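Structural features, examined
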Amino acid sequence: MGLGIYPCQPKWGPMAGSLEPRSAPVQALRPAPIAYTVGLRKVYGEGESQVLALCNVDIQLQAAEFTAIMGPSGSGKSTLLQCMAGLDHPTGGQVVVEGVDLGRLSPGRLTDLRRDRLGFVFQSFNLIPQLTALENLTLSERLGGARVDPAWLSHLTTAFGLTDRLHHRPAQLSGGQQQRVAVARALAHRPAIVFADEPTGNLDSRTGAEVLRLLRNAVAQTGQTVAMVTHDPVAAAYAHRVVFLRDGAVVAHLASPTAEAVLQRLAILEG
Amino acid sequence: MVLMAWRSLRSRWVATLASLLAVVVGTALVVAALVVGASAEAGGAAQAQRQWRLDGADLVVRVGASLETSAGLAVALNERPRLSEAQLVAVAGVPGVGDLALDAGFSAFVVHNGTHVGNGAVRSWGHSWATAVADPVRLTSGAAPQGRDEVAVDEAVARAAGRSVGDRIDVLTATGVHQYRLSGIVARAGQESAYAVFFDNSTAAELGGAPTVGLVRLDPGASAADVTRRIRASVPGVEVLSGADKGATMLGPTETEALAGGMGQFIGTMSACALLITVFVIASTLSLSVAQRRRELAMLRAVGASPGRVRRLVLGEAALLGIVGGLLGALAGVALAAAGLRLFAGAGLMPEGLPLAGVPSGVLAGLAAAGLTTIVAGSLPAWRASQVAPSEALRAVYAPPRRLGAARTVLGVVSAAVGVLLLVTSAVLQSPVNTLKGAIATSLIFTAAPFLVLGASLLGPVTVGVLLRLAAPVLGRTAGGFLAARSIAADRRRAVGLATPLMLMVAVACVLLFQDWATFAGKSRNYEQRLAAELVVAGPHMLGVPSVVEQRVATVPHVAAASGTVSSWVYATSKGSAPPNVEALGVNPRTISEVLDLPTVSGSWKSFDNEAVAVSEATATERGWRPGVMIDYRLPDGVPAKATVAVVYRGDNTLAGMLVPRRVLLPHLRDQFDTAVYLRLRPGVEVAAARKTVSEKLADIPGAAVQNRSVHLDTMSQQSTGDNWIVYLFVAMLAGYAGIAAINALIGSSVGQAPLFAMARLAGAKTRHVLGWIGAEAGFAALSGVVQGTVIAAAVMISYGYLLTSELWLPFPGGQYLLICATALLVAAVGALAPARLAVSAQSRDLTQGR
């Protein structure tokens, strides 16, 4: 195996003193995580062109917590998200979501799990262009998923300011509106976890902030669990906790982050 | 620019390959059609010369087979005119003419085991021995026929009949079957195309009537050129042939024409269809590719490419396809032509061993057609591409294409309206198909088809929208169907891209295939309406029964009335614009009104005798004839005749325009066989008993079948659905071609859909959902194509059926129609495999960035 070339040792280890220790004592007191990884590894390619994207990552997502995943480009943050969401197969290690080991699921069950228990928000919105906003919101129901609770749906659309936009197609909506539809879609079927990959990447700071506030509110008001990949310290500051990745490994944690603190950590990480 | 076009094509190689294939097939069909046509034309004359060489004669004289109308137009006669006694005397008297031998071909079949030796394709003709000498044939055994009781035959005939010199041999002529002694067997170059039975000169003259051909041997020392000049000068109306042209004289005028041009015209029609489809295929492929590349094109515009440059880029692609496809197609076309000639020869539709002719001009025309077609087809997509706004490059979301252009809708409505107008005009014209007005009505109907097809393809998005609204409740029942319905509604062009080629395929296949069937079905309907006879004596297909049958059955006591019928054309000088040709039916004037039900408009059947004619209402109106009027007309070989109009009858659109006494008509025909003889029985006579008696009376006539009315009608309808397997072959090729377009459209469209499949997967769609989506979309598009094609074909065919029978009926043979529909759906299913493959492999993680 090519892993011989990569001893799975980050070139950059934790800096004693300058960052928090990897396992904070408080973690031991917390309830069991809603999702976690054990020794997660992901290798792309073979032989000479082999790239180690994730290296023995252990990470926990706590229920009702907003976790941000940060790191420089190529640090493996998107790969981590994809593996945790069952969109990509890890090369080694384990992903457990709500007590279910994703590696043991058939592709069909995995699809069911994604449809029923997970929600997704992407940088490029990924709304189906032929469907109206409302049809996008209720698509999982049509695909055999659980029925979307009408009261919840109406609460979401009201809270997201989408009531008069429900019968528009994505092309007829602004970027901010599209992303609000995408967030509402991710929340519509009350998933266990919402995975967001650079949700504000295509938005200006004001609309971006609105989307982040919606995600944060979901966590605060309904106990939604959210994991978000971002490279924006301001966005990360909306989270309860930031996990820093570098070269495929978790190198730091930051609880109750502020934009300044995150920026500081990043500066150190990027050396 | 070329480099850009090339790179652009290379990046979408599957769609490109399909377009290229379309151009190759289109060009190949055009080149093949032109080369086969040219070969047939060049070969027709050669073939005519090969049947008979007549090298033993120095010159051949005959009368020109055309007639000059009062307007100065030459009209080709249906029969070769006969040489008059005066002309023969004059020719014989020309200085330098040594010997003048005569011949007139007449139907003469050797009979073996109660059947004809020869058939509708390889006819058998009686000739004078003088012709055998003039050819010259080689006697392989025996001697020349002497006296009334001897014949000599071709080797092929002797072999088929199993006879050798000295054997008794039965020969069927218009006068019945007579027994002869086989005096000799000859080897003759042309015996494979038509058989010959040689009689001694005076017997041949007796059986064949006045000669059509004079075979001249010159006096020793006389110059052929001088004698030719002298004959032309002193005997007006006579043509003199020498050299290789002489042999063609032995064939009837229509026969030579058929050999030369028939196939070429047929293939021409087919290649026009192929070209039409090529335009559609390339236009739809390029349109799709433009639709998919809007962003890329917008990016080009954003970085400074002018609209003209974008237009040239797309046109450049089209031109590149045209050049490469044209070259490959031209090569394939020549090969196809060679194969086609063999195929047609094998089917007996063309002479064997024709050499390829007109290759360079065919190839050039094919290349020109390919170039022109691709550029015409590329213009609309190119224009559309140049209209892409640079701002589209900046949009984050896939923007559904703009609404339909008003120009497209207007053009579509106009085109469809023209098609409908043509159909309505044909219905208004409503004339017998054998008249000029009827011929115009027929061509209007079939000209309407391309207009309707064009209209339907331009209005495709509108039609698909309407059909989608109808189908939405059904589609909405499943997740795949719902996604398909939404996806079609959002971008109808993709569904149109699949529906249009299938619409074309169904419409073209139905019209081409059913036309022949409809003609016969229509004729059968009319025939059934007017057939009053209780018994019919029919002969083998295309051969008929000898004219003596009518006299013989008339003497059977059960029979009240009998009339033979023989088809030909006569020529009536007319004052108006009507052409002189009138389709004529030779009948027995005293009995015809009893065996055929022909309602009288004016006049009386009682006054129809051998000095009179009966005319249809349409002919009477066209020429201003009414009962009692004396008319001048020409018989099929141009001989002038006079007759009184006895009666005007109400004919249908497939009946001859004029009934002429058989006794008047027959001597002017080469083939004096009746198509059929109709019998009306005396009251109270049992049909079965009469049938038995008549059959006994005709026991010696080979192939004569005495049928009651229903059996006869059955036989007639079966006869009609015969030899159009070549049309099948062509339709199959066109269908395959349209199939390529459909598959092309599906492949092209599915590439653009890949991200959508991934998004649906992310939302929880399983493989079956996505496959259901694709299946529903392809199925809907295919069905809407089939529906549109059916509606167009039905409109055209109903019009044609109405023209033939003046009744509204749908001339669709059910089995064939279902086969066409099944083929169309199969094409769609095969085409849907490509997007299905993509759908299965669509991964939702492809949507996330940062990998």
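Residues numbered from 1 in each chain as written. Chains lettered and ligands numbered in written order. Predicted model: local features only at pLDDT ≥ 70, side-chain atom pairs only at ≥ 80, totals over all residues. Heavy atoms only, no water.

Regarding its fold elements, chain B presents 25 helices and 27 strands. Buried positions account for 54% of the 851 residues belonging to chain B. For chain B, long-range pairs separated by at least 24 residues make up 81% of all intrachain contacts whose partners lie at least 6 apart in sequence. Only carbon and sulfur atoms are counted for the fraction: they give 61% of the accessible area of chain B, which is about 34,500 Å². (Helix = DSSP H or I, 4+ residues; strand = E, 2+ residues; numbered from the N terminus. Buried < 20%, exposed > 50% of the residue type's maximum accessible area, 1.4 Å probe, protein only. Contact = heavy atoms within 4.5 Å. Areas by Shrake-Rupley, 256 points an atom, 1.4 Å probe, with all protein chains shown as cover.)

Attention shifts here to the overall build of chain A. When its secondary structure is counted, chain A shows nine helices and 10 strands. Burial status across chain A gives 55% buried among its 271 residues. Put simply, of all contacts in chain A between residues at least 6 apart along the chain, 71% involve residues at least 24 apart. Approximately 11,400 Å² of chain A is accessible, and the part contributed by carbon and sulfur atoms is 52%.

Before going further, it helps to spend a moment on the side chain of B:Ser487. Residue and element names in this part refer to chain B. Relative to the assigned elements, serine 487 resides in helix α15 (residues 479-490). A residue is classified by how much of its surface remains accessible, and serine 487, at 1% relative accessible area, is buried. A polar contact of 3.2 Å, which involves the side chain of serine 487, links it to the side chain of glutamate 777. (Polar contact = N/O pair within 3.5 Å; in protein donor to acceptor, adjacent residues only side chain to side chain.)

For the rest of this paragraph, the subject is the environment of A:Val183. Residues and elements named next belong to chain A. Its location among the elements puts valine 183 in helix α6 (residues 175-188). Through-space distance from the C-alpha of valine 183 to that of glycine 161 is 12 Å; in sequence the pair is 22 residues apart. Setting aside residues no more than four positions away along its own chain, valine 183 makes contact with Val121, Phe160, Val211 and Leu215.

Glancing now at the UniProt feature "domain: ABC transporter" (unreviewed entry) in chain A. Summarizing the sequence annotation, UniProt attributes the feature "domain: ABC transporter" (unreviewed entry) to residues 38-266 of chain A in the numbering used throughout. The span residues 38-266 of chain A is 36% helical and 26% strand by assignment, and the distance between its end C-alpha atoms comes to 25 Å. (UniProt positions renumbered as here; feature names shortened; annotations may be inferred.)

A word on the interface of chain A and chain B. How big an interface is tends to be stated in terms of the accessible area lost upon association of its parts. Counting from both sides, the interface comprises 33 residues of chain A and, opposite them, 28 residues of chain B. Between chain A and chain B, the buried area comes to about 2,800 Å², and carbon and sulfur atoms account for 63% of it. At the junction of chain A and chain B, the tally comes to two salt bridges. Taken together, the links from chain A to chain B amount to two residue pairs in polar contact (both at pLDDT 80 or more). (Buried area = accessible area lost by both parts, 1.4 Å probe. Salt bridge = Lys/Arg side-chain N within 4 Å of Asp/Glu carboxyl O.)

This part covers the pairing of strand β3 (residues 66-70) of chain A. Residue and element names in this part refer to chain A. Of all the five residues making up β3, five are buried; the element is thus mostly covered by neighbouring parts of the structure. Side chains Phe66, Ala68 and Met70 project from β3 onto one buried face, and the interleaved Thr67 and Ile69 project onto a second face that is buried too. Here β3 pairs with strand β8 (residues 225-229) via four bridges, running parallel. By the bridge assignment, alanine 68 is partnered in β8 with methionine 228. As defined by bridge partners, β3 adjoins strand β9 (residues 241-246) across four bridges and the pair is classed as parallel. Paired with alanine 68 across the two strands is valine 242, which belongs to β9. (Pairing = 2+ DSSP bridges.)

Residues and elements named next belong to chain B. Pairing in this open sheet of four strands is antiparallel, and the strands run β4-β14-β1-β15 from one edge to the other. What marks the edges here is a single partner per strand, and that holds for β4 (97-103) and β15 (238-241). Taken pair by pair, the neighbouring strands of this sheet meet at an average axis angle of 25°, ignoring direction. Pairing of strand β1 (residues 59-63) with β15, which is carried by four bridges, proceeds in the antiparallel orientation. Paired with valine 63 across the two strands is valine 238, which belongs to β15. Strand contacts of helix α3 (residues 85-93): β1, β4, β14 (213-218) and β15, with the helix running at about 150° to β4, the strand carrying the most contacts. Contacts between helix α7 (residues 224-234) and the sheet are confined to β1, β4, β14 and β15, with β1 contributing the most and set at about 15° to the helix. (Axes fitted to C-alpha atoms, helices over the stretch in contact; angles between N-to-C directions.)

Quick look at the pattern of salt bridges now. All names here are of chain A. A full pass over the atoms with the stated rule returns 29 salt bridges over all chains. Close ionic contact of arginine 241 with glutamate 65 constitutes a salt bridge, the shortest N to O distance being 3.1 Å. Here glutamate 65 lies in the loop between β2 (51-61) and β3 and arginine 241 lies in strand β9, a separation of 176 residues in the sequence. Like arginine 241, the residue glutamate 65 is buried in the burial classification.

For the structure on display, the rule yields 14 aromatic pairs over all chains. Where B:Trp129 meets B:Phe198, the ring centres are 5.7 Å apart and the plane angle is 90°; that geometry is what we call edge-to-face. Of this pair, B:Trp129 sits in helix α4 (residues 129-134) while B:Phe198 sits in strand β13 (residues 195-199), and the two are 69 residues apart along the sequence. On the accessibility criterion, B:Trp129 (15% relative accessible area) is buried. Owing to a relative accessible area of 0%, B:Phe198 belongs among the buried residues under this scheme. Taking 5.2 Å as the distance between ring centres and 90° as the angle between the ring planes, the aromatic pair formed by B:Phe757 and B:Trp773 counts as edge-to-face. With a gap of 16 residues between them, B:Phe757 in helix α23 (residues 725-762) and B:Trp773 in helix α24 (residues 767-805) connect regions that are remote in the sequence. Take B:Phe757 and B:Trp773: they sit in the same class, and that class is buried. Aromatic ring contacts, followed pair by pair, group A:Phe120, A:Phe122 and A:Phe195 into a single cluster. When the ring centre of A:Trp152 is taken as reference, the NZ or CZ atom of A:Arg190 above it lies at 4.3 Å. (Phe/Tyr/Trp six-rings, centres within 6.5 Å; stacked < 30°, edge-to-face > 60°. Lys NZ or Arg CZ within 6 Å of the ring centre and 35° of its normal.)

Turning next to a nonpolar patch on the surface. All names here are of chain B. Judged by side-chain polarity, Ile323, Val324, Leu327 and Leu328 come together as a nonpolar surface patch covering roughly 350 Å² of accessible area. Looking at where isoleucine 323 falls in the secondary structure, it is placed in helix α10 (residues 307-346). A relative accessible area of 52% places isoleucine 323 in the exposed class. (Patch = residues over 30% accessible without salt bridge, like charges linked within 9 Å, V, L, I, M, F, W, Y side chains within 5 Å.)

Turning to the nonpolar core, a few remarks are in order. Formed by 88 residues in total, the largest nonpolar core has its most connected members in B:Leu502, B:Phe514, B:Phe780 and B:Val796. Apart from the residues lying within four places of it in its own chain, the contact partners of B:Val796 are B:Leu423, B:Ile445, B:Phe446, B:Ala449, B:Leu452 and B:Val511. Of all hydrophobic cores here, the second largest spans 46 residues; its members include A:Leu137, A:Ala188, A:Val211 and A:Val226. (Core = buried A, V, L, I, M, F, W, Y, C linked by side-chain atoms within 4.5 Å.)

Now for the side chain of B:Asn434. Residue and element names in this part refer to chain B. Considering the arrangement of structural elements, one finds asparagine 434 in the loop between α12 (406-429) and α13 (436-458). Within the local environment of asparagine 434, its side chain forms a polar contact with the backbone oxygen of leucine 655, the two atoms lying 3.0 Å apart. Setting aside chain neighbours within four positions, we find asparagine 434 in contact with Trp569, Glu583, Leu655, Ala656 and Gly657.

Turning our eyes to something else, we now look at unusual backbone geometry. The amide bond that connects B:Asp135 to the next residue, B:Pro136, takes the cis arrangement and shows omega of -10°. Among the secondary structure elements, B:Pro136 is positioned in the loop between α4 and β9 (138-142). Located in the positive-phi region is A:Glu98, a residue other than glycine, with phi close to 50°. Mapping A:Glu98 onto the fold places it in the loop between β4 (92-97) and β5 (100-101). Backbone geometry places A:Ser256, a non-glycine residue, at a positive phi of 40°. Its location among the elements puts A:Ser256 in the loop between β10 (249-255) and α9 (259-270).

Residues and elements named next belong to chain B. For α12, with 24 residues, the first-to-last C-alpha span of 34 Å sits near the 34 Å given by 1.5 Å per residue. For α12, the full list of buried residues reads Arg408, Gly412, Ser415, Gly419, Leu422, Leu423 and Ser426. For α12, the elements touching its buried residues are α11 (359-386), α13, α14 (460-475), α16 (492-530) and α24. Trailing α12 by a residue or two, glutamine 430 shows a phi angle of about 35°, which is positive. (Expected span 1.5 Å × (residues − 1).)

This part takes up the packing of α12(B) against α24(B). All names here are of chain B. As a packed pair, α12 and α24 sit with axes 9 Å apart at the nearest point and diverge in direction by 10°. One way to sum up the angle between α12 and α24 is to call them roughly parallel. Contact with α12, carried on its side by Leu423, Ser426 and Ala427, involves Ala795, Val796, Ser799, Tyr802 and Leu803 of α24 and no other residues of that element. When the residues that make up the contact of α12 with α24 are grouped by side-chain class, the tally is six nonpolar, two polar and no charged. (Parallel < 35°, antiparallel > 145°, perpendicular 65-115°, else oblique. Nonpolar A, V, L, I, M, F, W, Y, C, P; charged D, E, K, R; others polar.)

We now examine the sheet that holds strand β6 (residues 118-122) of chain A. Residue and element names in this part refer to chain A. Reading across from one edge, β6-β7-β8-β3-β9-β10 is the order of the six strands in this open sheet, with mixed pairing throughout. At either margin of the open sheet sits one strand with a lone partner, and together these are β6 and β10. If you compare each strand with its neighbour and ignore which way they point, the axes differ by 20° on average. This element, α6, spans β6 and β7 (193-197) of the sheet and lies at about 170° to β6. Of the strands in this sheet, β3, β9 and β10 touch α9, which is tilted by about 10° from β9.

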